[in-house]
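Each chain is listed here by its residues.
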Amino acid sequence: MLQIQDTLVSLDLVERFFCCNLEACKGQCCLDGDAGAPLDEGEAESIRKVLPIVWDRLLPAAQREIEENGVSYIDEEGDEVTSLVEGQNCVFATLDTEGNWLCALEEAYRQGRSPFFKPISCHLYPVRLKKYPTFTAVNLHRWKICHAAEVLGRSKGLRAYQFLEGPLRRRFGDAWYDELALTCEEYLKTYGDSGAPL
């Protein structure tokens, strides 16, 4: 683990290569999982505000779910998460013409139609955060559907922390990320990918 300010960062972010490969995975992370996307405080309200903007891009089943149960619910661990369609895909997952699952919230933001990007937990993925009383753990979630992303990242020489620079800066700030990047560079000079001194 690397200590960066009040966080402990898994060495997987340094040692593992990663670069999302939508052609290979087709956005499967929007479909699979045991709960909706975790929401930070205030994000559900932000989503409700932009809901009319993305409404027409949502699947009919997603529209029904939102009408009946809202944009979010409290999961088994007591966390607020995005609603799901029949316990599977996120209500904001939508298909493009290539058969890829995309986030309707992100799509509207990138088109300049919405001020809200998407939940920070989605933006950070495959990073998952776990808050403790005195620190936040920053871990890399490894999942078979992301194998192609690890292969592509290796071919590009792109480490997970580098690929995730934008969302990590969004969540933790520029000073935090700059410290992380410097620490990762020093770690790799000293240990490489093995965790043992070079």
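Residues numbered from 1 in each chain as written. Predicted model: local features only at pLDDT ≥ 70, side-chain atom pairs only at ≥ 80, totals over all residues. Heavy atoms only, no water.

S.K.: Before we move on, can you summarise the confidence of the model for the protein chain with the specific residues and values?
M.R.: Averaged over every residue, the pLDDT of the protein chain is 89; residues scoring 70 or more account for 94%. The spread of mean pLDDT over the elements of the protein chain runs between helix H2 (residues 22-25), the lowest at 74, and strand E2 (residues 7-9), the highest at 96. (pLDDT = per-residue confidence, 0-100. Helix = DSSP H or I, 4+ residues; strand = E, 2+ residues; numbered from the N terminus.)

S.K.: Which residues make up the packing of helix H9 (residues 165-172) against helix H10 (residues 174-191), and what values go with them?
M.R.: As a packed pair, H9 and H10 sit with axes 7 Å apart at the nearest point and diverge in direction by 130 degrees. Regarding the angle of H9 to H10, the classification is oblique. Residue-level contacts link Glu165, Leu168, Arg169 and Phe172 of H9 to Asp174, Trp176, Tyr177, Asp178 and Leu180 of H10. Tallied by class, the residues present in the contact of H9 with H10 amount to five nonpolar, no polar and four charged. (Axes fitted to C-alpha atoms, helices over the stretch in contact; angles between N-to-C directions. Parallel < 35°, antiparallel > 145°, perpendicular 65-115°, else oblique. Contact = heavy atoms within 4.5 Å. Nonpolar A, V, L, I, M, F, W, Y, C, P; charged D, E, K, R; others polar.)

S.K.: Go over the pattern of salt bridges, please, and point to the residues and values.
M.R.: This model, assessed by the stated rule, comprises ten salt bridges. Among the salt bridges present, the one from Glu107 reaches Arg57, with a minimum N-O distance of 2.7 Å. Note that Glu107 is positioned in helix H5 (residues 104-110) and Arg57 in the loop between helix H3 (43-54) and helix H4 (60-69), a separation of 50 residues in sequence. Of the residues examined, Glu107 reaches a relative accessible area of 17% and is grouped as buried. When the shortest N-O distance is used, the salt bridge between Arg169 and Asp174 registers 3.2 Å. Where salt bridges share partners, they join Glu165, Arg169, Asp174 and Asp178 into one cluster. (Salt bridge = Lys/Arg side-chain N within 4 Å of Asp/Glu carboxyl O. Buried < 20%, exposed > 50% of the residue type's maximum accessible area, 1.4 Å probe, protein only.)

S.K.: Which residues make up the side chain of Ser72, and what values do they have?
M.R.: Mapped onto the elements of the fold, Ser72 is located in strand E3 (residues 72-74). When near neighbours in sequence (up to four residues on either side) are disregarded, Ser72 contacts Leu39, Ala44, Arg48, Glu80, Val81, Thr82 and Ser83.

S.K.: Residues and numbers for the sheet that holds strand E7 (residues 127-131), please.
M.R.: On the basis of which strands lie adjacent, the open sheet formed by four strands has the order E1-E2-E8-E7 and mixed pairing. The open sheet has two edge strands, strand E1 (2-4) and E7, and neither has a second partner. Taken over all neighbouring pairs, the strand axes of this sheet differ in orientation by 25 degrees on average, direction set aside. Strand direction decides the pairing type here: E1 and E2, joined by three bridges, are antiparallel. Its bridge partner being in E2, Leu2 is matched across the sheet by Val9. (Pairing = 2+ DSSP bridges.)

S.K.: Give a description of the pairing of E7 that names residues and reports values.
M.R.: Summarising the sheet, E7 and strand E8 (residues 136-140) pair through five bridges and their orientation is antiparallel. Paired with Lys131 across the two strands is Thr136, which belongs to E8.

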